[in-house]
Structures are given as C-alpha cells and as structure tokens.
Amino acid sequence: MGIAWFDDDPPPMEVAALRTGGLPLLTDDEPWPSCPQCEVPMLFRAQVPLALTSLVACDDERLILLFECHHTTERGPCDVGSVVVTRGAVAPKPAPSATTFDVAITALGPRPFGVLEIASQIGDVELRAGSAVPMPLVVLRAAPSFLAEEAVRAIFGSGGDAVLRASPPMLLRDHHGGLLVPFDDGRRGLGATTLPPLGQLTEAVGQRTIRGLLGGATPGYRDHAFACTCGRPTRTIVRLLAQQAPLSDVRLGPAVAQLCLQCSKGALYRSAG
Ligand SMILES: [Zn+2]
Ligand SMILES: [Zn+2]
C-alpha cells in the first residue's frame, strides 16, 4: 500500500498538520535554517507529522520540516536541502528580514510601452516584438533594498504596478493542507488489496494537486537507501513531486526526505527538473 498526498484546505497555521507553504512550526530556540553553502536563509517547503508515515508509533509528536536553498550562484541554482526534526512545543516562526530583493512588474497599467521602457533601463529584460509580456515580469534580481525600492518607484511613476520579493525566497506565496489517500502501489506480500492504483486515484481526486507520496518505496520512484552517519539505514519519509508555485517563479523540483529513526537525523535530496 502506498500513501498519496493531495492538496487540501489549509489548516490553522499553529496546528501541527501536514502542510505545504506557510510558516514553519519551530521550537523557540531553533533558528531559521541557512544554507551551509550559500549562507542565506532557506525556503520553507513543507511540514510532515512523522506519525503520518506509519514508520513510528501514532503518538509520536515529531514534525519533519523541509527546507530548500533557492539561491542562484555563478555555478547555477543551489540544490541544497535540509530537514529539521522538531520535538516539544512549536509555534509558527516568521521568516528573517530579507536583505536582497527581486522586483516584479505585476501590471503594465494604461501606458504599457512606458513601463516596458523603464523595465529595460532597470534590468536585463528581453522582450521580443509581438510576443505577449509574461506577468509577473521580473526586472531585477537579488538587488539591495535601496536599488529595489528605487526601481519600484520608477515603475509606479510610469503607471505600472510592481512588487518586491525577498530574494532568495523564504516562503511560498500560498499554503495548503494535506489530504492523505491510500492507494495500491503494486507491492506484493501484503495480501490482496481493494485499493485502486495511483493512476485511477489521481483521476478520482479530480482537480486536487498531488504533492507527493508518504513513506516507503513506490514503483517508478528511485529509492534512496542512504546510510546515516550512525551506520543504520535511513527511511523514506516523503517523496515530493515537482511543482510550479503559483504567482511566483519559484521552481520546486522533486525531492526525497530521508530520516534515521535511531538518531533523528534527516536529509532532503533534491534533483533538477
Ligand atoms: Zn545554497
Ligand atoms: Zn543515525
């Protein structure tokens, strides 16, 4: 049996529920994670109550928080991932203050050519004649706040609309609760199942987005049999599927979270695409 994770209505932020986006639930003394390579704050992607994975007792209160670095270096986008395992009282943690920002035009207003002229002066915006202008249009990336604010004022002044976004991003712009649906993953040895296979399920659940798969191996997905530094094998907590976060250019690739159940050390492995 497999467990598929679909989007559901968002639960209240302070509830330790399955969720993508929003604010992470962290203990008071746990700092917002930074990328060990880029030394910038990471993006909070999802939280998973460990008890939902059927790998531990159902009264286990540990939460698995998944963070990703979305900083772009000269070598390309950073792919570092990080897992925080919480214990004890947790509360929604606000993201740290950003120091660099992207500027995105969200509307061209009544004088679109004037706004696009400003956009081409501000940043490296390449627009082909006759092609539609994608909205939002990012015109400046990872700029210090004074430059970014100046750019927004110039866009406002020419009749357009623009927003500042923390760069690299720390939060997703929307959040969803999680709906877990068991399905037949074709694994033998557990007896006959009356569950439908995943293919039928994704049709049945209709318009809901599938976010990932919880727990152990599922055919078609490469299993990561990593050993923890303590020597024991880690277990798969969740496989996250690729998704495009709406209203933003944050690209969330597929990722696999592993955890050592003995020492509670976790890792998030990301792949491009
Ligand atoms: Zn990084
Ligand atoms: Zn270990």
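Since the model is a prediction, treat every value here as computed from it, not as a measurement.

A.B. asks: Summarise the domain arrangement of the protein chain; cite the residues concerned and give the values.
C.D. replies: Each assigned domain of the protein chain is listed here: domain 1 (2-96 + 170-270) and domain 2 (100-166). Averaged C-alpha coordinates put domain 1 and domain 2 at centres separated by 34 Å.

A.B. asks: Mind laying out the pattern of salt bridges, listing which residues take part and the relevant values?
C.D. replies: By the definition in use, this model includes 5 salt bridges. Here arginine 62 and aspartate 60 are joined by a salt bridge, their closest N and O atoms 2.7 Å apart. Neither arginine 62 nor aspartate 60 differs from the other in exposure class; each is buried.

A.B. asks: Please give an account of the nonpolar core that cites residues and values.
C.D. replies: The biggest cluster of nonpolar side chains holds 19 residues, and the ones touching the most others in it are Trp5, Val48, Ile64, Leu66, Ile237, Val238 and Ala257. Among the secondary structure elements, those contributing two or more residues to this core are β1 (2-8), β4 (43-49), β5 (63-68), β15 (235-240) and β18 (255-259). Residues within four places of isoleucine 64 in sequence aside, it is in contact with Ala46, Gln47, Val48, Leu50, Val83, Val84, Val85, Ile237 and Leu259. The next biggest cluster of nonpolar side chains, apart from the first, holds 18 residues, and it includes Phe101, Leu140, Ala151 and Val152.

A.B. asks: Quick one: what's the story with the packing of helix α1 (residues 112-122) against helix α2 (residues 145-157), residue by residue and with numbers?
C.D. replies: The contact between α1 and α2 brings their axes to 9 Å, and the two run at 160°. With respect to α2, the axis of α1 lies roughly antiparallel. Handedness of the crossing formed by α1 with α2: right-handed. Facing Val115, Ile118 and Ile122 of α1, the residues of α2 in contact are Ala151, Ala154 and Ile155. Each residue belonging to the contact of α1 with α2 can be placed in one class, and the counts come to 6 nonpolar, no polar and no charged.

A.B. asks: Give a description of the coordination of the zinc ion (ligand 1) that names residues and reports values.
C.D. replies: Distances from the zinc ion (ligand 1) to its protein donors, namely Cys35 (SG), Cys38 (SG), Cys69 (SG) and Cys78 (SG), fall within the range 2.2 to 2.3 Å. Coordination at the zinc ion (ligand 1) is tetrahedral, judged from the 4 donor atoms that bind it and the angles of 104 to 115° they form at the metal. In primary sequence terms, the donor set of the zinc ion (ligand 1) follows C-x2-C-x30-C-x8-C. A residue pair is termed long-range when its members are at least 10 positions apart, and cysteine 38 in the loop between β3 (25-26) and β4 and cysteine 69 in the loop between β5 and β6 (72-73) qualify at 31 residues. A residue is classified by how much of its surface remains accessible, and cysteine 69, at 0% relative accessible area, is buried.

A.B. asks: Break down the packing of aromatic side chains for me, with residues and values.
C.D. replies: Given two aromatic rings, their pairing is described by the distance between the two centres and the angle made by the two planes. Tallied over the full model, the rule gives 2 aromatic pairs. Between tryptophan 32 and phenylalanine 67, the ring centres sit 5.7 Å apart and the planes meet at 75°, which makes this aromatic pair edge-to-face. Remark: phenylalanine 67 occurs in strand β5 and tryptophan 32 occurs in the loop between β3 and β4; sequence separation between them is 35 residues. An identical accessibility class is assigned to tryptophan 32 and phenylalanine 67; each is buried. On the basis of an interplanar angle of 50° and a centroid distance of 5.4 Å, the ring pair of phenylalanine 44 and phenylalanine 67 is categorised as tilted. Here phenylalanine 67 lies in strand β5 and phenylalanine 44 lies in strand β4, a separation of 23 residues in the sequence. By way of ring pairs, the aromatic residues Trp32, Phe44 and Phe67 are connected into one cluster.

Rules of the game
- Residues numbered from 1 in each chain as written.
- Chains lettered and ligands numbered in written order.
- Predicted model: local features only at pLDDT ≥ 70, side-chain atom pairs only at ≥ 80, totals over all residues.
- Heavy atoms only, no water.
- Domains from an automatic or database assignment.
- Salt bridge = Lys/Arg side-chain N within 4 Å of Asp/Glu carboxyl O.
- Buried < 20%, exposed > 50% of the residue type's maximum accessible area, 1.4 Å probe, protein only.
- Core = buried A, V, L, I, M, F, W, Y, C linked by side-chain atoms within 4.5 Å.
- Helix = DSSP H or I, 4+ residues; strand = E, 2+ residues; numbered from the N terminus.
- Contact = heavy atoms within 4.5 Å.
- Axes fitted to C-alpha atoms, helices over the stretch in contact; angles between N-to-C directions.
- Parallel < 35°, antiparallel > 145°, perpendicular 65-115°, else oblique.
- Left-handed = near helix turned anticlockwise from the far one by under 90°.
- Nonpolar A, V, L, I, M, F, W, Y, C, P; charged D, E, K, R; others polar.
- Donors = N, O, S within 2.8 Å, 3.2 Å for Na, K, Ca; no water.
- Tetrahedral: all angles 85-135°; square planar, octahedral: opposite > 155°, others 65-115°.
- Phe/Tyr/Trp six-rings, centres within 6.5 Å; stacked < 30°, edge-to-face > 60°.

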